[in-house]
Amino acid sequence: MTVRNITVLGSTGSIGVSTLDVIRRHPDRYRAFALCAHSQIDKLFEQCVEFKPNFAVLRDAALAAQLAKRCRTAGLQTEVRYGVEALVEVSALPEADSVMAAIVGAAGLEPTLAAARAGKRVMLANKEVLVMAGELFMHAVREHGARLLPVDSEHNAIFQSLPADFSRGMAACGVQKILLTASGGPFRNVALSDLEQVTPEQACAHPNWVMGRKISVDSATMMNKGLEVIEASWLFDAPPEMIQVVVHPQSVIHSAVQYVDGSVLAQLGNPDMRTPIAYAMAWPERIAAGVEPLDLFKIARLDFQAPDFERFRCLQLAYDVLRAGGTAPAILNAANEVAVAEFLEGRLSFLGIARLNDQVLQSLPAGPEGSLADVLAADAEARRLATRLIRERTFA
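Residues numbered from 1 in each chain as written. Predicted model: local features only at pLDDT ≥ 70, side-chain atom pairs only at ≥ 80, totals over all residues. Heavy atoms only, no water.

Novice: If you had to explain the layout of surface pockets to someone new, which residues and values would you point to?
Specialist: Over the atoms, a rolling probe the size of a water molecule traces out where space has been left empty. In this structure, the second largest pocket encloses a volume near 650 Å³. Lining the second largest pocket are 25 residues, and of these Met138, Phe166, Trp234, Leu235 and Phe236 lie nearest its centre. Secondary structure elements with two or more residues in the lining of the second largest pocket: helix H6 (128-144), strand E7 (147-150) and helix H10 (223-235). (1 Å grid on protein atoms, 1.4 Å probe; cavity = no way out; pocket = protein on both sides within 12 Å on 5 of 7 lines; lining within 4 Å. Points joined across faces, edges and corners; volume = space filled by probe spheres on them. Helix = DSSP H or I, 4+ residues; strand = E, 2+ residues; numbered from the N terminus.)

Okay, here's the thing in structure tokens:
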């Protein structure tokens, strides 16, 4: 059996750690070729010791120098690099045929795009790539023959529930609607009047999933689901009206597809990201992921409800920018990244996140998504405006 070399973008995050766990379970099938992280040098060093990658990449030169010294002392042959250019270069190296794109936020755009342009098997866990530059990214996938496999549990579930030839069109395959499930986060039943006082600790306490702080806050505002709506639109060539968000508190049905004959096909499983990661890594085969089998008798019941767009204003904004197109999604994503960071630092209220996002969208006109430079310019301008609005104390 040929061993597949995998580059892990974001190896110290939750998706990266889960990916390495699957690699650990199947050393005869997979090898970590390159590990890339932002700043968690201790964790990255431990991963280098265990998996002995050819390359390790950090964003900062000083941290990279420290890691390189520690690797040499440990007798490792791992080459340590740093910076965005290094991320892009490593993502395109021919020795690795697969890239796990798990860098959170806009920082993952350029290396993931480089992987697509190199014709890789791109396992996409970074939804911002498609949110910011869906047209550019999907064009790169098609032009360079990359294999795009969704890792988000919802999109992975949709992928599993669609016919193999869905690329010929949703209508031609008899698809009526994509049902994108959402847990509703920790505040789906909290009175609106109480949300203004929500703390970062409360927002990060997701009831079902173990995630990073930024994604946990996005789940609490349902911005995460809004970004997933945009991602689903690009992945499956589906218009906004074909994508319906369904609040499903148990997080057992990860998403479903409704067909014109009245049937619904869904993918179920325990809330563990190793399941979609293993599916993307082994596709079209299936391998053990270390996940406990789903016990339907233990689950006992499954509940569903429609999302409250007043409570979850960020979800409505995501639908709005998807319909607007161009750089509007990139503007929303950039504003939201600033807003969440400020909330986590205690400088913005929980409901202020949606208010800030809305104000930035109203203040910055969207342009066409003509090039990567256009996308990055819109992203930068939205960040500057969001930061200025907060500094001027326009929002609380």
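Novice: Run through the packing of aromatic side chains, naming residues and quoting values.
Specialist: What the rule picks out here adds up to eight aromatic pairs. Arranged with centres 6.1 Å apart and planes meeting at 90°, the rings of Phe159 and Phe166 form a pair that is edge-to-face. Phe166 matches Phe159 in its accessibility class, with the two residues each being buried. Between Phe343 and Phe350, the ring centres sit 5.8 Å apart and the planes meet at 65°, which makes this aromatic pair edge-to-face. This pair shows no difference in class: Phe343 is buried, exactly as Phe350 is. Among the aromatic residues, those joined into a cluster by ring pairs are Phe159, Phe166, Phe236, Tyr279 and Trp283. Positioned above the aromatic ring of Phe45, the side-chain terminus of Arg70 is 4.5 Å from the ring centre. (Phe/Tyr/Trp six-rings, centres within 6.5 Å; stacked < 30°, edge-to-face > 60°. Buried < 20%, exposed > 50% of the residue type's maximum accessible area, 1.4 Å probe, protein only. Lys NZ or Arg CZ within 6 Å of the ring centre and 35° of its normal.)

Novice: Provide a residue-level description of helix H1 (residues 14-25), including the pertinent values.
Specialist: Look at H1: 17 Å from first C-alpha to last across 12 residues, which is about the 16 Å you get at 1.5 Å a residue. Every buried residue belonging to H1 is among Ile15, Gly16, Ser18, Thr19, Leu20, Asp21, Val22 and Ile23, and all of these are buried. Tucked into the core, H1 has its buried residues touching strand E1 (4-9), strand E2 (30-36), helix H2 (41-51), strand E5 (98-101) and helix H11 (274-282). (Expected span 1.5 Å × (residues − 1). Contact = heavy atoms within 4.5 Å.)

Novice: Residues and numbers for helix H5 (residues 109-117), please.
Specialist: Counting buried residues in H5 gives seven out of nine residues, a clear majority hidden from the surface. Listed as buried for H5 are Leu109, Pro111, Thr112, Leu113, Ala114, Ala115 and Ala116. For H5, the secondary structure elements touched by its buried residues are E1, helix H4 (84-92), E5, strand E6 (121-124), H6 and helix H16 (372-391). In the stretch just after H5, Gly119 is the one whose phi turns positive, near 75°.

Novice: An account of the packing of helix H13 (residues 313-324) against helix H15 (residues 350-363) is requested, with residue identities and associated values reported.
Specialist: Taken N-terminus to C-terminus, the directions of H13 and H15 make an angle of 25°; their axes are 9 Å apart at the nearest point. As the angle between them shows, H13 and H15 are arranged roughly parallel. In the packing of H13 onto H15, the handedness of the crossing is left-handed. For the pair H13 and H15, contact is made by Arg313, Cys314, Leu317 and Val321 and by Ile353, Ala354, Asn357, Asp358 and Leu361, respectively. Residues of the contact of H13 with H15, tallied by class, amount to six nonpolar, one polar and two charged. (Axes fitted to C-alpha atoms, helices over the stretch in contact; angles between N-to-C directions. Parallel < 35°, antiparallel > 145°, perpendicular 65-115°, else oblique. Left-handed = near helix turned anticlockwise from the far one by under 90°. Nonpolar A, V, L, I, M, F, W, Y, C, P; charged D, E, K, R; others polar.)

Novice: Quick rundown of the sheet that holds strand E10 (residues 253-259)? Include the residues and the values.
Specialist: Spatial strand order, E9-E8-E10-E11: four strands in an open sheet with mixed pairing. Each edge of the open sheet is held by one strand with a lone partner, namely strand E9 (243-247) and strand E11 (264-268). Put simply, the sheet's adjacent strands are angled 20° from each other on average, direction ignored. Bridge count between E10 and E11: five bridges; the pairing is antiparallel. The partner of Ser255 across the bridge, within E11, is Gln267. Helix H7 (residues 153-161) rests against strand E8 (175-182), E10 and E11 of the sheet, and its axis sits at about 40° to E10. (Pairing = 2+ DSSP bridges.)

Novice: Which residues make up the packing of H13 against helix H14 (residues 328-344), and what values do they have?
Specialist: Orientation of H13 relative to H14, taken along the N-to-C sense of each, is 150°, at an axis distance of 8 Å. Comparing their axes, H14 and H13 come out roughly antiparallel. Contact with H13, carried on its side by Leu317, Ala318, Val321 and Ala324, involves Ala328, Pro329 and Leu332 of H14 and no other residues of that element. Residue composition of the contact of H13 with H14, by class: seven nonpolar, no polar and no charged.

Novice: Run through the state of the cysteines, naming residues and quoting values.
Specialist: Summed over all chains, the structure comprises zero disulfides. Unpaired in terms of disulfides, Cys36 finds its nearest cysteine sulfur in Cys48, a separation of 9.9 Å. Looking at Cys36, the relative accessible area reads 1%, which means it is buried. With no disulfide of its own, Cys48 lies closest to Cys71 among cysteine sulfurs, the gap being 4.5 Å. Given the relative accessible area of 0%, Cys48 is considered buried. (Disulfide = S-S within 2.5 Å.)

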